[in-house]
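Single-letter residue listing:
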Amino acid sequence: MTENYATTGIILAAGSSKRFGQNKLLAQLNDKPVLAYSLEAFENSSFVNSIILVTSESIKKTVATVARNYNITKLKNIVIGGKTRQESVKNALEYLVKHNIKCLYVAIHDGARPLVTSKDIDNCIQGAVKHKATTLGIRPKDTIKQTENPYSKTVKSTTPRELLWVIQTPQAFEFDVIYQAHEAAMKNNFNSTDDCALVEKQGIKPEIIEGSYKNLKITNPEDIDIASVFLNS
């Protein structure tokens, strides 16, 4: 770790897991909980100095036990999330400010992406040093169609795949950039499930760091099977 890259990792684990049927962060993937994999990746990152874990009150004690069981020494605290992903990130940022935890950068990650690597995390942080804001992403393999409206199945247009990226996490930012973006979003009543979208509203263009197709998000039970195949290979 170096002071020039002093970074706090914010790992989000406060979702409702409605589509999964149980809390997916606590589901077993091979021999350990899904959440443990992300915690270990951030623990082993060269540039992450501290970790803030954002979760719900109902599983706070359980995730604390997971962190202890896997010797996550960088964990500073567990923060209770909000009603939305955006509120959960804001709660973590406010915690850092309130408790004067010094960091030049933050790397925000969905705990439901267990196959992220420490190298991916480090690449995002190094990218943020150069570009203020970065996100992992992969090229789509399929053709993407846009419909007439959110409820329509009628094709409106086809965007060339060469212009498209499927966005993943982590996303890394200069601390002041992402904090001010969240402040502005709250003031202007702008909501998004993507932190880069908030930064884009401030006129900053994030840089995409090419990630891996293995960095899937656990959403449905079958995703556990897919992630297990990746781990075993």
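Everything here concerns the structure above.
The model shown is predicted, which means the values in this text are computed figures rather than measured ones. (Residues numbered from 1 in each chain as written. Predicted model: local features only at pLDDT ≥ 70, side-chain atom pairs only at ≥ 80, totals over all residues. Heavy atoms only, no water.)

1. What to know about the nonpolar core
Across soluble globular proteins, nonpolar side chains show a tendency to be buried alongside one another. Within the largest apolar cluster, 38 residues are counted, with the highest numbers of intra-cluster contacts made by Leu 35, Leu 39 and Leu 53. Mapped onto this core, the elements with two or more residues apiece are strand E1 (7-13), helix H1 (34-43), strand E4 (48-55), helix H2 (60-69), strand E6 (105-110), helix H4 (118-131) and helix H7 (221-232). Sorting elements by how many residues they give to this core places H1 first, with 7 residues. Aside from chain neighbours lying at most four places away, what touches Leu 35 is Ile 11, Ala 13, Leu 25, Leu 53, Val 63 and Gly 111. Listed in part, the 26 residues of the second largest apolar core include Val 106, Phe 175, Ile 178 and Cys 196. (Core = buried A, V, L, I, M, F, W, Y, C linked by side-chain atoms within 4.5 Å. Buried < 20%, exposed > 50% of the residue type's maximum accessible area, 1.4 Å probe, protein only. Helix = DSSP H or I, 4+ residues; strand = E, 2+ residues; numbered from the N terminus. Contact = heavy atoms within 4.5 Å.)

2. Looking at the environment of Phe 230
Tracing the sequence through the fold places Phe 230 in helix H7. A relative accessible area of 27% places Phe 230 in the partly exposed class. The spatial distance from the C-alpha of Phe 230 to the C-alpha of Asn 215 is 9.6 Å, given a sequence separation of 15 residues. Aside from chain neighbours lying at most four places away, what touches Phe 230 is Leu 115, Tyr 213, Lys 214 and Leu 216.

3. A short note on the sheet that holds E1
Strand order across the open sheet formed by 7 strands is E5-E4-E1-E6-E10-E7-E11, with mixed pairing between neighbours. Each having just a single partner strand, strand E5 (75-80) and strand E11 (207-210) make up the two edges of the open sheet. Along the sheet, successive strands turn relative to each other by an average axial angle of 25°, direction set aside. The strands touched by H2 are E4 and E5; relative to E5, the strand with the most contacts, the crossing angle is about 160°. Lying on the sheet, helix H3 (residues 85-98) is in contact with E1, E4, E5, E6 and strand E10 (166-174); it crosses E1 at an angle near 145°. (Pairing = 2+ DSSP bridges. Axes fitted to C-alpha atoms, helices over the stretch in contact; angles between N-to-C directions.)

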